[in-house]
Amino acid sequence: MPKPALVKAHSFYAAKVLADPRSRRARQELTTFAPDERAIQLCNIEAMEQIRRWKAEFRPDLVVPYATGNLGIDGGAIHAQGGAFRSRGLWYGVTFSCDVAEGAVTAFEFSVGAPIPEARWAEYNLVAGDPED
């Protein structure tokens, strides 16, 4: 099976998402996290927004960056080689690399993989459901 194409971001959206008044709670919670966890959460937010803007049929509402593989953290760089995201109640594979500096995403690239079969969701601790239901 061919490897999915890598999409390199030229604009970054996590800060804009967090600036929205509806994100007040998320902004507050981020300040309580250790630096690595804060970077992971910023990258998860970036991943959801990049995927949503890349293909309109995707409406990501949750990212698990270590669903099917390890998560690499090197300084402010996050490498999710076995991630997953939920969109409209289904899970899809995703890989991404994300750089964070001074609390902001400075580089991001990703590729979206195939849908993850529902029979494997429990194995990867992926939750069913969708807030849009």
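Residues numbered from 1 in each chain as written. Predicted model: local features only at pLDDT ≥ 70, side-chain atom pairs only at ≥ 80, totals over all residues. Heavy atoms only, no water.

(A) Seen up close, the side chain of Ser87. One can find Ser87 in strand β4 (residues 77–87). Within the local environment of Ser87, its side chain forms a polar contact with the backbone nitrogen of Arg59, the two atoms lying 2.7 Å apart. (Helix = DSSP H or I, 4+ residues; strand = E, 2+ residues; numbered from the N terminus. Polar contact = N/O pair within 3.5 Å; in protein donor to acceptor, adjacent residues only side chain to side chain.)

(B) The packing of aromatic side chains, seen in detail. Taken as a whole, this structure holds 7 aromatic pairs when the rule is applied. With 6.0 Å between their ring centres and 40° between their planes, Phe108 and Phe110 make a pair best called tilted. Residue Phe108 shares its accessibility class with Phe110, and that shared class is buried. Here a set of aromatic residues connected by ring pairs shows up, and it is made of Trp54, Phe58, Phe85, Tyr92, Phe96, Phe108 and Phe110. Residue placement shows Arg53 over the ring face of Tyr13; its charged tip is 3.7 Å from the ring centre. The cationic tip of Lys55 hangs over the ring face of Trp54; the distance from NZ or CZ to the ring centre is 4.6 Å. (Phe/Tyr/Trp six-rings, centres within 6.5 Å; stacked < 30°, edge-to-face > 60°. Buried < 20%, exposed > 50% of the residue type's maximum accessible area, 1.4 Å probe, protein only. Lys NZ or Arg CZ within 6 Å of the ring centre and 35° of its normal.)

(C) Broad picture of the environment of Pro4. Within the fold, Pro4 resides in the segment before β1 (7–8). Given a relative accessible area of 36%, Pro4 falls into the partly exposed group. Considering only alpha carbons, one finds Pro4 and Arg38, 34 residues apart in sequence, at a separation of 28 Å. Contact partners of Pro4, with chain neighbours within four places excluded, come to Ser111, Val112 and Gly113. (Contact = heavy atoms within 4.5 Å.)

(D) Up close: the nonpolar core. Counting 25 residues, the largest nonpolar core has Phe85, Phe96, Cys98 and Phe108 as the members making the most contacts within it. At the level of secondary structure, the elements contributing two or more residues to this core comprise α1 (14–19), α3 (35–54), β4, β5 (90–101) and β6 (104–115). Considering each element in turn, this core owes the most residues, 7 residues, to α3. When near neighbours in sequence (up to four residues on either side) are disregarded, Phe108 contacts Val7, Lys8, Ala9, Phe12, Cys43, Glu46, Ala47, Gln50, Phe96, Ser97 and Cys98. Core analysis: the second largest hydrophobic core is formed by 8 residues, Val64, Trp91, Ile116 and Trp121 among them. (Core = buried A, V, L, I, M, F, W, Y, C linked by side-chain atoms within 4.5 Å.)

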